[in-house]
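The residues making up each chain are set out below.
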There are 2 protein chains.
Amino acid sequence: MVVSEYDDVIRLEPTDQPATRRGAFTQDWMIGNAVNGGVVMAAALNALREHLAADPDEVTEHLDPVVVSAYFMTASAPGAFTASTELMRAGRRLTTGQVSVHQEVDGGQVERMRAIASFGNLDGTDTYRQSAAPDLPPPDECVSAQQAPPDFLRHNHFLDRVDIRLDPATAGWAVGKPSMRGLIQGWLRLRDQREPDTTMLALALDAFPPVAFDLGLYGWTPTLEFTGHIRRRPAPGWLRVMLTTQNVGGGLLEEDAQIWDSTGALVAQSRQLCGVRPA
Amino acid sequence: MVVSEYDDVIRLEPTDQPATRRGAFTQDWMIGNAVNGGVVMAAALNALREHLAADPDEVTEHLDPVVVSAYFMTASAPGAFTASTELMRAGRRLTTGQVSVHQEVDGGQVERMRAIASFGNLDGTDTYRQSAAPDLPPPDECVSAQQAPPDFLRHNHFLDRVDIRLDPATAGWAVGKPSMRGLIQGWLRLRDQREPDTTMLALALDAFPPVAFDLGLYGWTPTLEFTGHIRRRPAPGWLRVMLTTQNVGGGLLEEDAQIWDSTGALVAQSRQLCGVRPA
């Protein structure tokens, strides 16, 4: 059986503590000097999902992440990590828990990220009203991250795993011509064509270039807090992603993401608070 | 010294545990069958703020809540509560911690809400770009909650504490004529004229009637998760509040709130995931 690169990086092994699982991040998922935060969240959600599924008192139908709030404290590095989980409340519609990701640094444990998340069952979810999906040129007519300079790609192996195609109308920042609208949109899928599921959407929500780039803010924009809502199970195929921002000031901005699946259904949205550092 | 009703409900007493503080919710802050969630958050943030301020290793300039993510597990009731706090990380720009609110039920401790929050220093924050504040008729020309039927007000003492004036253009739902746009906007201040501060904004973000009402969805819309960003210290005076929603389905909707202060500056925004229950 071929395991996708994505399934491999979120895979967990048991430890002698029932609520602690072990995994490993690799260079393959780095973006700049850190492991991509979406990968950290997907691995953490996978750990919490396994905890909930293993709990004998648990309503095991609650296996889709529905909402997750993650606080990023330090940048994750390639290498081993632990994910420690806690069941907070098993409700009729949602089950809520907490997960904390640690890595060993100089012999001590450093917390990378802590999240609270609720899981539910998104099977057969109806849509009453939703944001309209953007019109995009087909993926082949969009700007691929693979067109970035080789030196850039060498430090961003994440872009070898995740196929991102940007709408040329919102990619001018890549050649020094940001639109100044605060808008980046395009297509996304895993390069090995592993199809999206509800946990993978957490990664997809945090995979695009920072929307700050479209405002000409090219510095580092670390995610301080991220909250994602997963609203439907995605259909197979390309995902459409749209990032926007409205409020920039005090060294902070919010980045909103929306994702539609190949049928045009809104499947996820997120808001993150980012720092804005000088370029 | 006259203590405002708001300061009174978020007031905490020490316990014999340094990271646990005690307070009391009262009937005065109930909305329907529960203590208003914004009040629970403001009290919890106050507890975390006191913890951070008391920590000898802490950077004490980080006393404005900047981002808070709260998960509501059970409805808070009038009566005693405890707030247990933990410092997660003291950084240069932000300090992050966790807080959990419990109440005693039938001799056991039940968790009402758990939140992670980061605090910073919002003194003198600049604004580079922001959402435009809505044009509203003056408060005296808006619809006051005090115009609601007496039987309704008897079960919603919160509305005696918080002065909400709705733009008549977005208040048709109150007379069975929702605009179906998913928009409610208006003015807010504390009725005793205690001026807003950054912690009070958490309450203000969760004080308006559910935006679902403007879609003709009059059932209970419990807050499952709430994330608020506090971006500036508010100037004294009335706050302008705008609620919107775009995505409704699967028994869930998101409610987005934005708040501008009396100078027109965007001071806070939030998104919450709500359940949609039949009326």
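Conventions and cut-offs
- Residues numbered from 1 in each chain as written.
- Chains lettered and ligands numbered in written order.
- Predicted model: local features only at pLDDT ≥ 70, side-chain atom pairs only at ≥ 80, totals over all residues.
- Heavy atoms only, no water.
- Helix = DSSP H or I, 4+ residues; strand = E, 2+ residues; numbered from the N terminus.
- Rg over C-alpha atoms; globule rule 2.2 N^0.38 Å.
- Buried < 20%, exposed > 50% of the residue type's maximum accessible area, 1.4 Å probe, protein only.
- Contact = heavy atoms within 4.5 Å.
- Areas by Shrake-Rupley, 256 points an atom, 1.4 Å probe, with all protein chains shown as cover.
- Lys, Arg positive; Asp, Glu negative; His and termini not counted.
- Charge placed at Lys NZ, Arg CZ, Asp CG, Glu CD.
- Expected span 1.5 Å × (residues − 1).
- Polar contact = N/O pair within 3.5 Å; in protein donor to acceptor, adjacent residues only side chain to side chain.
- Pairing = 2+ DSSP bridges.
- Least-squares fit on C-alpha atoms with pLDDT ≥ 70 in both.
- Buried area = accessible area lost by both parts, 1.4 Å probe.
- Salt bridge = Lys/Arg side-chain N within 4 Å of Asp/Glu carboxyl O.
- Nonpolar A, V, L, I, M, F, W, Y, C, P; charged D, E, K, R; others polar.
- Domains from an automatic or database assignment.

Undergrad: Mind laying out the overall build of chain A, listing which residues take part and the relevant values?
TA: Along chain A, the regular secondary structure elements total five helices and 17 strands. Relative to a compact globule of 279 residues, whose C-alpha radius of gyration would be 19 Å, chain A shows 18 Å and is just as compact. Each principal axis of the C-alpha distribution contributes one length, and for chain A these read about 55 × 50 × 45 Å. When burial is assessed residue by residue, chain A has 59% of its 279 residues classed as buried. Sequence separation of 24 or more characterises 71% of the internal contacts of chain A that already satisfy a separation of 6 or more. Of the roughly 11,100 Å² that chain A leaves accessible, carbon and sulfur atoms contribute 51%. One way to put it: in chain A the 24 positive side-chain charges average out to a point 4 Å from where the 35 negative ones average out.

Undergrad: An account of helix H2 (residues 37–54) of chain B is requested, with residue identities and associated values reported.
TA: All names here are of chain B. Under the 1.5 Å per step criterion, the end-to-end length of H2 is 26 Å for 18 residues, consistent within 8% with the ideal 26 Å. Of all 18 residues in H2, 14 are buried; the element is thus mostly enclosed. Put simply, Asn 36 is the residue that caps the front of H2, since its side-chain oxygen is 2.8 Å from the backbone nitrogen of Gly 38.

Undergrad: Can you break down the pairing of strand S13 (residues 223–230) of chain B residue by residue, with the values?
TA: All names here are of chain B. Judged by how many residues are buried, S13 sits mostly within the fold: eight of eight residues are covered. Examined bridge by bridge, S13 and strand S17 (residues 266–275) share seven bridges and lie antiparallel to one another. In the strand pairing of S17, Thr 223 is matched with Cys 274.

Undergrad: So, the relation of the copies chain A and chain B: which residues are in play, and what are the values?
TA: For the pair of chain copies, the relating operation is a rotation around an axis with a shift along it. Note on the copies: chain A fits chain B at an RMSD of 0.0 Å, the axial shift is 0.0 Å, and the rotation between them is 180°. Expressed as a symmetry operation, the mapping of one chain copy onto the other fits a two-fold axis. Of the C-alpha atoms belonging to chain A, the one lying closest to the rotation axis is found on Ser69(A), 3.2 Å away. Interface overlap between copies is the fraction of interface residues in one copy that are interface residues in the other; for chain A against chain B it reaches 100%, indicating a shared surface.

Undergrad: Just give me the short version of the environment of Met30(B), but keep the residues and values in it.
TA: Inspection of the secondary structure assignment puts Met30(B) in strand S3 (residues 30–31). Measuring from C-alpha to C-alpha, the distance between Met30(B) and Phe158(B) comes to 5.3 Å, with 128 residues separating the pair along the chain.

Undergrad: An account of the interface of chain A and chain B is requested, with residue identities and associated values reported.
TA: Contacts between the two partners involve 52 residues from chain A and, on the opposite side, 53 residues from chain B. Overall, the association of chain A and chain B removes approximately 4,500 Å² of surface from exposure, summing both partners, and the carbon and sulfur fraction of that is 52%. Connecting chain A to chain B are four salt bridges. Across the pair Arg114(B) and Glu86(A) runs a salt bridge, and its minimum N-O distance is 2.9 Å. For the interface between chain A and chain B, the tally reads 37 residue pairs in polar contact (both at pLDDT 80 or more). Tallying contributions element by element places strand S17 (residues 266–275) of chain A first for the side of chain A that touches chain B, with six residues. A breakdown of the residues in the side of chain A that touches chain B according to their chemical character gives 18 nonpolar, 21 polar and 13 charged. The pairing of strand S9 (residues 127–129) of chain A with strand S15 (residues 248–249) of chain B spans two bridges and is antiparallel.

Undergrad: A description of the domain arrangement of chain A should follow, citing residues and the corresponding values.
TA: Interface size is commonly expressed as the accessible area that is lost once the parts come together. Residue and element names in this part refer to chain A. Taken domain by domain, chain A comprises domain 1 (5–120) and domain 2 (139–275). Between the C-alpha centres of domain 1 and domain 2 there is a distance of 22 Å. In this assembly, 27 residues from domain 1 lie in contact with 27 residues from domain 2. Buried area between domain 1 and domain 2, summed over both chains or domains, comes out near 2,300 Å², and the portion from carbon and sulfur atoms is 54%. Along the contact surface separating domain 1 from domain 2 lie four salt bridges. In this structure, Arg 233 and Asp 64 form a salt bridge, with 2.9 Å as the shortest nitrogen-oxygen distance. Every element with two or more residues in the side of domain 1 that touches domain 2 is listed here: helix H1 (5–9), strand S3 (30–31), helix H2 (37–54) and strand S5 (64–72). Examining the composition of the side of domain 1 that touches domain 2, we find that nine residues originate from one element, S5, more than from any other. The residue makeup of the side of domain 1 that touches domain 2, split by class, is 15 nonpolar, seven polar and five charged.

Undergrad: Report on the side chain of Gln98(B), specifying residues and quantitative values.
TA: Relative to the helices and strands, Gln98(B) is located in strand S7 (residues 95–105). Separated by 3.2 Å, the side chains of Gln98(B) and Gln98(A) make a polar contact. Here Arg114(A) takes part through its side chain, which lies 2.7 Å from a polar atom of the side chain of Gln98(B). The residues touching Gln98(B), leaving out its near neighbours within four places in the chain, are Gln98(A), Arg114(A), Leu48(B), Ser84(B), Thr85(B), Glu86(B), Met88(B), Arg114(B), Ala115(B) and Ile116(B).

Undergrad: Tell me what's going on with unusual backbone geometry, and back it up with residues and numbers.
TA: In the Ramachandran plot, Met180(A) falls in the positive-phi region, its phi being about 65° despite a non-glycine side chain. Looking at the secondary structure, you find Met180(A) in the loop between strand S11 (162–166) and strand S12 (183–190). Its identity is not glycine, yet Asp106(B) carries a phi of approximately 50°, on the positive side. Among the structural elements, Asp106(B) can be located in the loop between S7 and strand S8 (108–120). Accessibility expressed as a relative area gives 82% for Asp106(B), which makes it exposed.

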